[in-house]
Amino acid sequence: MFTTPNDLIKSRIRELQEPENLYEGVKLPRHFALPDNILLFYHDFAAAAPVAHCRYTLVFPLASMRYYVDQQKFDIKEGDVLLIPPYSRRFMDLKSSGYQRFFITFELPEAQSYLPPSCLNRLSGATTDDLKKIFDLFPDGNPAELSLALWHFLTHLSPETHAVADSPISSSIAAAIAYINDNLHLSLQNSSIAAKVNMSVSNLVRRFRRETGMTLHEYIAGQRLELGRYHLLKTRMRTEEIARCCGFLSGASFSHFFTARTGLSPLAYRKKVQETEKSPIKSASERKIPLEKNNS
């Protein structure tokens, strides 16, 4: 046991050899960079539409859910960590049992060798201390220490090989999903969607259900509902304006649709959420804000 730094130095210098080149030592990998511009946040709602951006995203599910990333499906649960690369189009299956999830997002100038090779990973005991340090340092701690803590966390993730869903999304169905999400303000008939992706209506309907686990009608209705919820929560738009954004001909038809699925009218839903915003963060179930009414 060494009692002083000098004792340690004296005991180890005998192991050292004279370098062949006094200007060449141990180097970091070429283009090595640490995570930067780090954000931590929590959501208990689904995004209004699929998104793609320039940041790396770590998703920590607090309930079982299905994520679509580009043309892959991932069934994830508590203890999993989903790493989504920049510019990957992602969205959550609205039939997931819950929407509660924690995010860490960050930027890198280019992909790094320390990033997990698999999108789907599992938390291990070694990551607990790293996560605690990340929480302790965000947002007011030393940025360099926060970056190092996240780097250390990423190196300790364990690949999870059993949680990927059984088949990827085909390019045709991915194109149909993209068209739907970009055009929720339209009426979106099955025939118009099929024409956009060069498929017959029957083939589109059959393959969409097989690959996503839901019907076209269910998917479109779910996306309209989430877009409506987003505008109610994040904007001051009137019901009639939100209705048009969501593809409804009138505020009344949107209100009927929204109430049937949540148990609250759009204005009652907005008021309910505003009343809870002053409270500490809680899950949707704890806040008693309906995600979608269960009709079973």
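Cut-offs applied
Residues numbered from 1 in each chain as written. Predicted model: local features only at pLDDT ≥ 70, side-chain atom pairs only at ≥ 80, totals over all residues. Heavy atoms only, no water. Axes fitted to C-alpha atoms, helices over the stretch in contact; angles between N-to-C directions. Helix = DSSP H or I, 4+ residues; strand = E, 2+ residues; numbered from the N terminus. Parallel < 35°, antiparallel > 145°, perpendicular 65-115°, else oblique. Left-handed = near helix turned anticlockwise from the far one by under 90°. Contact = heavy atoms within 4.5 Å. Nonpolar A, V, L, I, M, F, W, Y, C, P; charged D, E, K, R; others polar. Expected span 1.5 Å × (residues − 1). Buried < 20%, exposed > 50% of the residue type's maximum accessible area, 1.4 Å probe, protein only. Arc of directions from axis to C-beta. Polar contact = N/O pair within 3.5 Å; in protein donor to acceptor, adjacent residues only side chain to side chain.

Describing the packing of helix α2 (residues 126–137) against helix α3 (residues 143–155)
Orientation of α2 relative to α3, taken along the N-to-C sense of each, is 155°, at an axis distance of 9 Å. Judged by the angle between their axes, α2 and α3 are roughly antiparallel. The hand of the α2/α3 crossing is left-handed. Along the contact surface, α2 presents T127, D130, L131, K133, I134 and L137, while α3 presents E145, L146, A149, L150, H152 and F153. Its residues placed into classes, the contact of α2 with α3 shows seven nonpolar, two polar and three charged.

Here we look at the environment of F103
As for its position among the elements, F103 is in strand β7 (residues 101–107). In this structure, the C-alpha to C-alpha distance between F103 and F60, residues 43 residues apart in sequence, is 6.2 Å. Non-local contacts of F103, meaning those with residues more than four positions away in its chain, are made with L39, L40, F41, H43, T57, L58, V59 and Y67.

Side note on α3
Here α3 is 13 residues long and its end C-alpha atoms lie 19 Å apart, about the 18 Å a rise of 1.5 Å per residue gives. Looking at α3, one finds that the buried residues are L146, S147, A149, L150, F153 and L154. Down the axis, α3 shows its buried residues gathered within 160° of arc, on one side only. In this structure, the buried residues of α3 make contact with β1 (36–43), β2 (56–61), β7 and α2. Of the residues that open α3, the one with a side-chain oxygen 2.8 Å from the backbone nitrogen of A144 is N142.

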